[in-house]
2 protein chains.
Amino acid sequence: MAKASEVVAKIEKAQEARRKRAVLRESHITMSHGSGGKATHNLIDAVFAQALSNPYLDRMEDSAVMSWDASSKVALTTDTYVVSPVTFPGGDIGSLAVHGTINDLAMAGAMALGLSVGFILEEGFPIEDLRHIVTSMAEASARAHVPIVTGDTKVVPRGKGDGIYINTAGIGRLLPGASLGYDKIRVGDKVIVSGDLGDHGIAVMLARESLDIDADVKSDSAPLHEIVYDLITQLGPAIHCLKDPTRGGVATTLNELTQSSRLAIGLQERAIPIKDVVKGTCELLGLDPLTIANEGKLIAIVDAQVADEALAIIRSHEQGYHAQIIGEVLPEPEGMVFMHTDIGGMRVLDMLVGDPLPRIC
Amino acid sequence: MAKASEVVAKIEKAQEARRKRAVLRESHITMSHGSGGKATHNLIDAVFAQALSNPYLDRMEDSAVMSWDASSKVALTTDTYVVSPVTFPGGDIGSLAVHGTINDLAMAGAMALGLSVGFILEEGFPIEDLRHIVTSMAEASARAHVPIVTGDTKVVPRGKGDGIYINTAGIGRLLPGASLGYDKIRVGDKVIVSGDLGDHGIAVMLARESLDIDADVKSDSAPLHEIVYDLITQLGPAIHCLKDPTRGGVATTLNELTQSSRLAIGLQERAIPIKDVVKGTCELLGLDPLTIANEGKLIAIVDAQVADEALAIIRSHEQGYHAQIIGEVLPEPEGMVFMHTDIGGMRVLDMLVGDPLPRIC
């Protein structure tokens, strides 16, 4: 066991660092600004948040929820995909873009009504490759019953792109019982993760030719709206917050939750589901699996009283059969995420710093 | 005057060419596939339309209109901006992206409720330049009273982008009186254009350093939703179709109208408003101003009985004071657009072929 005094010292040091307001020191964009972690947050704070401020954007959720009329609410979200390589075990940039936007809407408690797609194609990109990607989008869209309703295609000269980039935006309709948000999180809530972590990031990384590691890992890219539908319709407002831990992984997502809610989260390492092959690859490369991107997983913060029921609902879905309760919400230390490790220690989990795996989505 | 037999021969030749179903002959993406003209249409037909087919997408309008509930309809649209250079007289990529998406919604008769923005930043892009562009988006968004409600930022390595690309998507609410579409166009309808043509494309082209032409042309980039609001609320279903002639210019847009409606459009060249400096620059470079992009103009196809009233409404707006009735809808020759020229001849106007001005938006 870690000594109490050591734990307190660790946390105080981390909190002290946090109190120094994030400053954008760089004068030019670096790859880290696209990591989804700390540098991305700093860029958003320093350049986007103030200039574009309005009540919708200020919430800093993945989807904006706007009141349509007295009885219905509409959610809007967007994501651009620049993943390299464009095809990887378990998916490709096309299905990834469809699933990603369906999931961003689902995390707001909204069922996707339709998607838009914007292509940036590089001069010289093989049309046969484009066909494969479009077919993959069509299949993902059909399987999820969410149509692609409008689109746009731009072409950039050779050397000004990388084959294909895809933006998907989507609109969704809020489920009537949904009452989700950072501000709904309460002390005592349970933290559930819907399955094994880190598969997507590791699968994409291993698909890069430069790495000579032989491991069988598939991306978890998948739509999560059916899990969300069941959670919200069966447990309604007892589901307090939903997030998909994509870029920056679970560590970044949980830190966003604690910093926005001004609460803390304590995790049990032994409860966190990670495949041995992912753990092993991460050890080999010096990566923390909790900072690796997932594309078919959600984190649910739920009222403790319904935690077992929520877990059962998630496990009843193919995408959620490895779901686990991995921790709980605590009153303090404010803003912090920490983990009781298997060897009896305590570790402060921070957001992703730097970008060990660029262009993962 | 052109001889009747010559005119008939011209039209028959063009119709014959049209009947040959568009085939995608290229195996790789070329700059022409991004022109918005014929090559773009061929790519859409051959790769996107069939694979992604659904009743919304099949309409091939700039916005998809979906039924939200019995009483309200929601429009979704998307556009990616890859304009080079990113700043030009009259605007920049930021304001262009905001105006463009507001306008795509307006052309469906929808008032924008909120926009999403997706950035692709190239490693090394100056953060000061990003600040300028974001400020310009914020100003355009504030002036139009349309908030940017959600966003996403990706970074690509040096040499895999071109500084900055921006996607904007938007949702809008259909105006109750709007009844617009290719299928609403009727023989006898008047064709109105809201002002001088070709300003945007020529302004961007002249901003490129490689050209040493000194001409004072500003982009017309501007939001058009207030003009549309007045047209629809005052004239309702007498407004049959609205289009903004962006990539591919008026020639491409009118051909889309005639091919979809299976009617014809006859124009009077002398009525078409084009600034002398734009005309002159086009002559110098061998370009047709009717194929040049506009970013603050609309084409309205309106019932002949309200044409003068519609013209007066458009002219009452700053963006529309040079509006003109430039032609009318005819029963045949099916699918064709032609123009009675100033010198007494007749010219068949086709969609843009090739891409004389790549990356104009």
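Since this is a predicted model, take the numbers as computed values, not measurements.

Basis of the calculations
- Residues numbered from 1 in each chain as written.
- Chains lettered and ligands numbered in written order.
- Predicted model: local features only at pLDDT ≥ 70, side-chain atom pairs only at ≥ 80, totals over all residues.
- Heavy atoms only, no water.
- UniProt positions renumbered as here; feature names shortened; annotations may be inferred.
- Helix = DSSP H or I, 4+ residues; strand = E, 2+ residues; numbered from the N terminus.
- Contact = heavy atoms within 4.5 Å.
- Buried area = accessible area lost by both parts, 1.4 Å probe.
- Salt bridge = Lys/Arg side-chain N within 4 Å of Asp/Glu carboxyl O.
- Polar contact = N/O pair within 3.5 Å; in protein donor to acceptor, adjacent residues only side chain to side chain.
- Nonpolar A, V, L, I, M, F, W, Y, C, P; charged D, E, K, R; others polar.
- Pairing = 2+ DSSP bridges.
- Axes fitted to C-alpha atoms, helices over the stretch in contact; angles between N-to-C directions.

### Concerning the UniProt feature "domain: PurM-like N-terminal" (unreviewed entry) in chain A
- UniProt marks residues 61-173 of chain A with the feature "domain: PurM-like N-terminal" (unreviewed entry), using the numbering shown here.
- Overall, residues 61-173 of chain A shows 29% helix and 44% strand. The separation of its end C-alpha atoms is 16 Å.

### Observations regarding the interface of chain B and chain A
- Across the contact, 78 residues belong to chain B and 79 residues belong to chain A.
- In terms of surface lost to chain A, no three residues of chain B exceed I29(B), W68(B) and I127(B), which account for 12% of the buried area on that side.
- Connecting chain B to chain A are 6 salt bridges.
- Among the ionic pairs, K160(A) bridges to D162(B), the shortest N-O distance being 3.6 Å.
- Remark: the boundary between chain B and chain A carries 24 residue pairs in polar contact (both at pLDDT 80 or more).
- Residue assignment for the side of chain B that touches chain A shows that the elements contributing at least two residues are helix 2 (38-49), strand 1 (64-67), strand 2 (73-81), strand 5 (110-122), helix 4 (127-144), strand 6 (148-156) and strand 7 (164-174) of chain B.
- The element that contributes the greatest number of residues to the side of chain B that touches chain A is strand 5 of chain B, accounting for 10 residues.
- Its residues assigned to classes, the side of chain B that touches chain A comprises 40 nonpolar, 22 polar and 16 charged.

### Comments concerning the sheet that holds strand 2 (residues 73-81) of chain A
All names here are of chain A.
- Overall, mixed pairing links the 5 strands, which are arranged 1-2-7-5-6 in an open sheet. With one partner strand each, in any of the chains shown, strand 1 (63-67) and strand 6 (148-156) form the two edges of the open sheet. This sheet shows a mean twist of 15° between the axes of neighbouring strands, independent of strand direction.
- On the sheet, helix 3 (residues 93-107) packs against strand 1, strand 2, strand 5 (110-122), strand 6 and strand 7 (164-174) and is oriented at approximately 150° with respect to strand 2.

### Some thoughts on the sheet that holds strand 11 (residues 299-302) of chain B
Residues and elements named next belong to chain B.
- Strand order in the open sheet formed by 7 strands is 9-11-8-12-10-13-14, with mixed pairing between adjacent strands. Whereas interior strands pair on both sides, the edge strands pair on one side only; in this sheet they are strand 9 (239-243) and strand 14 (346-349). If you compare each strand with its neighbour and ignore which way they point, the axes differ by 25° on average.
- Across 4 bridges, the pairing between strand 8 (residues 190-193) and strand 11 is antiparallel. Note that in strand 11 the partner of V193 across the bridge is I299.
- Sheet contacts for helix 7 (residues 249-261): strand 8, strand 9, strand 10 (264-268), strand 11, strand 13 (337-340) and strand 14; angle to strand 10, the most-contacted strand, approximately 145°.

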